[in-house]
Amino acid sequence: TCFGNVTRAHLRKYIPEASDKGGFDLVWPDNEQFQEGFAHSMATILRTQGFCVVQMWMSSADREAVLEQADSLSDWMLPRAEMEAAYMGLDNGTKFAVMDKDDMCLEPHAALQRCDRTLTATALFLEPYSEFLGCSLWGRLNGILRVPLTTGSEQQQLYQKADIMGNSTQEIISGHLSFVEHRRLLIILLIDNVGGDMFLHPKGDPESQRIRLPLRRNRLLIFRNDLF
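To keep things clear, this report deals only with the structure shown in the data block. (Residues numbered from 1 in each chain as written. Predicted model: local features only at pLDDT ≥ 70, side-chain atom pairs only at ≥ 80, totals over all residues. Heavy atoms only, no water.)

Points about the overall build of the protein
A count of helices and strands for the protein gives six helices and eight strands. For the protein, the N- to C-terminal ordering of α and β elements is β-α-β-α-α-β-α-β-α-α-β-β-β-β. Taking 228 residues into account, the globule formula puts the C-alpha radius of gyration at 17 Å, and the protein, at 19 Å, falls close to it. Referenced to the eigenvectors of the C-alpha coordinate spread, the extents of the protein come out at roughly 65 × 40 × 35 Å. Pairs at least 24 apart in sequence give 71% of the contacts found in the protein among residues at least 6 apart. When the 23 basic and 30 acidic side-chain charges of the protein are each reduced to a single mean position, those positions are 6 Å apart. (Helix = DSSP H or I, 4+ residues; strand = E, 2+ residues; numbered from the N terminus. Rg over C-alpha atoms; globule rule 2.2 N^0.38 Å. Contact = heavy atoms within 4.5 Å. Lys, Arg positive; Asp, Glu negative; His and termini not counted. Charge placed at Lys NZ, Arg CZ, Asp CG, Glu CD.)

In C-alpha cells, the structure reads:
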C-alpha cells in the first residue's frame, strides 16, 4: 500500500472509459457499507445494457497463487464438439476443469476458491433483483476454471474424452437442453488473461451489431443470457 499527499489543486476526477472501449462500469466494493449500492447499480446496468464490467482488487500474489493451483490440475475437459459453443462460446481456444461446489459454511482459504466465492457473492448481490431483471435466480452451477489449450492435438483428445464419457446420449442431450433453457446470467472472473476480446451477439435481432468487449485482467464480466 502506498500513501501520499496531493493538494486539492492537483486532484482530478477519474472517469473510466466505457466498458466496450476497455474500461469498466463499476468497482467491486471493498467495504460492506457499499455493497447495497453496488448491487443496485449492477442490476440497473444489466437491465439497461445487458452486461456489466467490474474492476476487481485481486493482487498479483493472488493471481500467481491461482496459476499455481491451475498447474496442479490434470482433469481438463471440453464439451462435445457439437455442444461446445453453448458452453464455451464461439471460436473457443480454452479447456476447463470443474470446481467443487462453493460451500458457504466454509471460509475459502486457497486463492482459486476465493475467486469462486466472488462468483457466489455476485449472484447473491443480484438475487433480490431477479424480478427487476425479468427472471428467477435460484442458484448457480459449479464454477469452471478455463485455461488456454496447449495444442490442437490436446483439443482432439479432449473431444474424444467427451465422446466416451459414461452418460448416455439421451442424458447428455437432455442436460444440454436444460442448461440452454434455464441459464440467465453468465459471470466470468478474468484472473490473469493477456488481452483478448469477447463478442456478445444480440439474440432475436439479426440486424443488431455484435458488441465487442476488450478483456482485461482483474475484471469481472456479467452478461444476460436472455439477451446475448
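Next, the rest of the story.
A look at the sheet that holds strand 8 (residues 219-224)
In space, the four strands of this open sheet follow the order 1-2-8-5, with mixed pairing throughout. The open sheet has two edge strands with one neighbour each: strand 1 (26-27) and strand 5 (185-190). As paired elements, strand 1 and strand 2 (residues 51-55) share two bridges and run parallel to each other. Its bridge partner being in strand 2, valine 27 is matched across the sheet by glutamine 55. Sitting on the sheet, helix 1 (residues 35-49) is in contact with strand 1, strand 2, strand 5 and strand 8, with an inclination near 145° to strand 2. Sheet contacts for helix 4 (residues 111-126): strand 5 and strand 8; angle to strand 5, the most-contacted strand, approximately 145°. (Pairing = 2+ DSSP bridges. Axes fitted to C-alpha atoms, helices over the stretch in contact; angles between N-to-C directions.)

Section: the environment of leucine 190
Among the structural elements, leucine 190 can be located in strand 5. Using a relative accessible area of 13% as the deciding quantity, one classes leucine 190 as buried. The residues touching leucine 190, leaving out its near neighbours within four places in the chain, are Leu215, Arg216, Arg217, Asn218 and Arg219. (Buried < 20%, exposed > 50% of the residue type's maximum accessible area, 1.4 Å probe, protein only.)

Points about the side chain of threonine 122
Mapped onto the fold, threonine 122 is located in helix 4. Not counting residues within four places of it along the chain, the set of residues in contact with threonine 122 comprises Trp28, Met42, Ile187, Leu220 and Ile222.

Observations concerning the pattern of salt bridges
Pairs can form between side chains of opposite charge whenever their charged atoms are close. For the structure on display, the rule yields nine salt bridges. Across the salt bridge formed by arginine 114 and aspartate 62, the nearest N and O atoms sit 2.9 Å from each other. With arginine 114 in helix 4 and aspartate 62 in helix 2 (residues 60-71), this pair connects stretches of sequence that are 52 residues apart. The exposure class assigned to aspartate 62 is partly exposed, which follows from its relative accessible area of 26%. Close ionic contact of aspartate 192 with arginine 63 constitutes a salt bridge, the shortest N to O distance being 3.4 Å. With a gap of 129 residues between them, aspartate 192 in the loop between strand 5 and strand 6 (197-200) and arginine 63 in helix 2 connect regions that are remote in the sequence. (Salt bridge = Lys/Arg side-chain N within 4 Å of Asp/Glu carboxyl O.)

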